[in-house]
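Examination of the molecular architecture
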Amino acid sequence: MSNPLHALRTRLADLGDRGRKRSPLLRQIPERAVLLEWAARIGYGARGFVFLSAGLLILFSAFDWAGEAVGTRGAIAWLGEQALGRVWLLLLALGLCAFVMWRVLQAVFDADHEGTSARGWGVRASQAFSGFAYAALAFTAFRLLVGEPEAQASAEVTHSREQAAKVLELPFGDLLLVGAGLAVLGLGITNMVRAWREDFTEYLDCSHDLCRRVSPLARAGYMARGAAYLPLAALVVIAGLRSDPTEVTSFAKALEAMERQPAGPWLLALTALGFIAFGVFSFIEARFRKIRPPRKLKPVV
């Protein structure tokens, strides 16, 4: 039995080839691989813009130059409140959608040729999880585009607590919530381990000197991302142990909890610098990352 999806792709490819032969305008459109590469690079740029904005806002908050600390969603909401905010939100939402598309190509179609070994599946699973996370950010940007940015940003804690309450209502809900907190903890630790062990220049197509200089940016960025997840994970685990959804909070509130600790402002400033470094490294990836879209859109399993 023929695969309907394969038949559809073949049909669309045939239509595209015919259109290119008949229309000079269509012949000016780049090949699919080139378009996918452009989209991926735009996606890395959008990710960099989000983390750079969040890092700067966290840094300003650490030294009381601005309001409360924010996470990536808070940074998107803040952008929506600026001049031409709707334009920023639209461009950012589209850029994040492009990045999600690239994550799908990596995770499902193995664009980076990680293979099906245990390590390969681990990398691709991480890319899939990342895709879901950035899809949520893109959805946030679209919601803010059609709603009130400030109101939606302030509802983040309420939404998190409502979701925690629903989990607690399930059988063994307290254990499920503890498990969710441990998953967040694992995500944080994974980022910190990557910062220590991974060769971030492996996927860059740049000179040896440039790669050597930008690698510390990636390490600082992943270390900061991992450390920032830890207080949030602790609060979710506590909520599960106490069966109290009010213990759950948002990423931004977890950063505020960090700030209230001894030497908290300095810890928050280091986290902010790490976010900024990650944003800058994302811009480096937008320019120099090896983008190899798969020739055939066939899932690799």
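Residues numbered from 1 in each chain as written. Predicted model: local features only at pLDDT ≥ 70, side-chain atom pairs only at ≥ 80, totals over all residues. Heavy atoms only, no water.

1. Let's talk about the overall build of the protein chain
The secondary structure content of the protein chain amounts to twelve helices and zero strands. When the elements of the protein chain are put in sequence order from the N terminus, they spell out α-α-α-α-α-α-α-α-α-α-α-α. Looking at the protein chain as a whole, 42% of its 301 residues qualify as buried. Put simply, 75% of the contacts in the protein chain that link residues at least 6 apart link residues at least 24 apart. Of the roughly 16600 Å² of accessible surface on the protein chain, 65% is carried by carbon and sulfur atoms. (Helix = DSSP H or I, 4+ residues; strand = E, 2+ residues; numbered from the N terminus. Buried < 20%, exposed > 50% of the residue type's maximum accessible area, 1.4 Å probe, protein only. Contact = heavy atoms within 4.5 Å. Areas by Shrake-Rupley, 256 points an atom, 1.4 Å probe, with all protein chains shown as cover.)

2. Quick look at the nonpolar core
Within the largest apolar cluster, 64 residues are counted, with the highest numbers of intra-cluster contacts made by Ile76, Leu96, Trp102, Tyr134, Leu204, Leu255 and Phe275. If you tally residues by element for this core, the top one is helix α3 (residues 32-62), at eleven residues. Here tryptophan 102 is in contact with Ala40, Tyr44, Ala111, Asp112, Arg289, Ile291 and Arg292, once residues within four sequence places are set aside. (Core = buried A, V, L, I, M, F, W, Y, C linked by side-chain atoms within 4.5 Å.)

3. Things to note about the packing of aromatic side chains
Within the structure shown, the criterion is met by nine aromatic pairs. Seen in terms of ring centroids, tyrosine 44 and phenylalanine 99 are 5.0 Å apart; in terms of plane orientation they differ by 75°. Their pairing is edge-to-face. Of this pair, tyrosine 44 sits in helix α3 while phenylalanine 99 sits in helix α5 (residues 85-107); the two residues are 55 residues apart in sequence, bridging distant segments of the chain. Summarising the aromatic geometry, the rings of phenylalanine 200 and tyrosine 222 are spaced 4.9 Å apart at their centres and angled 20° between planes, so their arrangement reads as stacked. Here phenylalanine 200, found in the loop between α9 (173-197) and α10 (208-242), pairs with tyrosine 222, found in helix α10; they are 22 residues apart in sequence, far enough to count as distant. The exposure class assigned to phenylalanine 200 is buried, which follows from its relative accessible area of 5%. For tyrosine 222, a relative accessible area of 7% puts it in the buried group. The cationic tip of arginine 225 hangs over the ring face of phenylalanine 278; the distance from NZ or CZ to the ring centre is 4.6 Å. (Phe/Tyr/Trp six-rings, centres within 6.5 Å; stacked < 30°, edge-to-face > 60°. Lys NZ or Arg CZ within 6 Å of the ring centre and 35° of its normal.)

4. Looking at a nonpolar patch on the surface
Residues Leu56, Phe60, Phe63, Trp65 and Trp266 make up a contiguous nonpolar surface patch of roughly 560 Å² in combined accessible area. Mapping phenylalanine 63 onto the fold places it in the loop between α3 and α4 (72-80). For phenylalanine 63, a relative accessible area of 31% gives the class partly exposed. (Patch = residues over 30% accessible without salt bridge, like charges linked within 9 Å, V, L, I, M, F, W, Y side chains within 5 Å. Salt bridge = Lys/Arg side-chain N within 4 Å of Asp/Glu carboxyl O.)

5. What to know about the confidence of the model for the protein chain
When the pLDDT values of the protein chain are averaged, the result is 84; 86% of them are 70 or greater. Considering each helix and strand of the protein chain separately, the mean pLDDT is smallest for helix α7 (residues 149-154), with a value of 50, and largest for α5, with 94. (pLDDT = per-residue confidence, 0-100.)

6. Quick notes on helix α6 (residues 118-146)
Between its terminal C-alpha atoms α6 stretches 43 Å, which fits the 42 Å expected from 29 residues at 1.5 Å a residue. The set of residues buried in α6 consists of Gly120, Arg124, Gln127, Ser130, Gly131, Tyr134, Leu137, Ala138, Thr140, Ala141 and Leu144. (Expected span 1.5 Å × (residues − 1).)

7. Brief notes about α10
Here α10 contains 35 residues, and its C-alpha end-to-end distance of 52 Å stays within 8% of the 51 Å for a straight helix at 1.5 Å per residue. Approximately 25° is the largest bend angle found in α10, and it occurs at valine 214, with the proline proline 216 only one to four residues beyond. One or two positions beyond α10, positive phi appears at serine 243, with a value near 50°. (Bend = angle between axes of the 7 residues up to and from the residue.)

8. A short note on the pattern of salt bridges
Pairing is possible between side chains that carry opposite charge, provided their charged atoms lie close to one another. Taken as a whole and assessed by the stated rule, the structure comprises eight salt bridges. Among the ionic pairs, aspartate 112 bridges to arginine 289, the shortest N-O distance being 3.1 Å. Taken together, the positions of aspartate 112 in the loop between α5 and α6 and arginine 289 in the segment after α12 (264-288) put the pair 177 residues apart, joining distant regions of the chain. The pair aspartate 112 / arginine 289 is uniform in exposure class, with both members buried. We note a salt bridge from arginine 242 to glutamate 247, for which the minimum N-O separation is 2.9 Å.

9. Structural notes on the packing of α4 against α6
Relative to each other, α4 and α6 sit at 25°, their axes nearing to 10 Å. As judged from the angle between their axes, α4 and α6 are roughly parallel. As for the relative orientation of α4 and α6, their crossing is right-handed in sense. Of the residues in α6, those in contact with Thr72, Arg73, Ile76 and Ala77 of α4 are Ala136, Leu137, Thr140, Ala141 and Leu144. Classifying every residue of the contact of α4 with α6 by side-chain character gives six nonpolar, two polar and one charged. (Axes fitted to C-alpha atoms, helices over the stretch in contact; angles between N-to-C directions. Parallel < 35°, antiparallel > 145°, perpendicular 65-115°, else oblique. Left-handed = near helix turned anticlockwise from the far one by under 90°. Nonpolar A, V, L, I, M, F, W, Y, C, P; charged D, E, K, R; others polar.)

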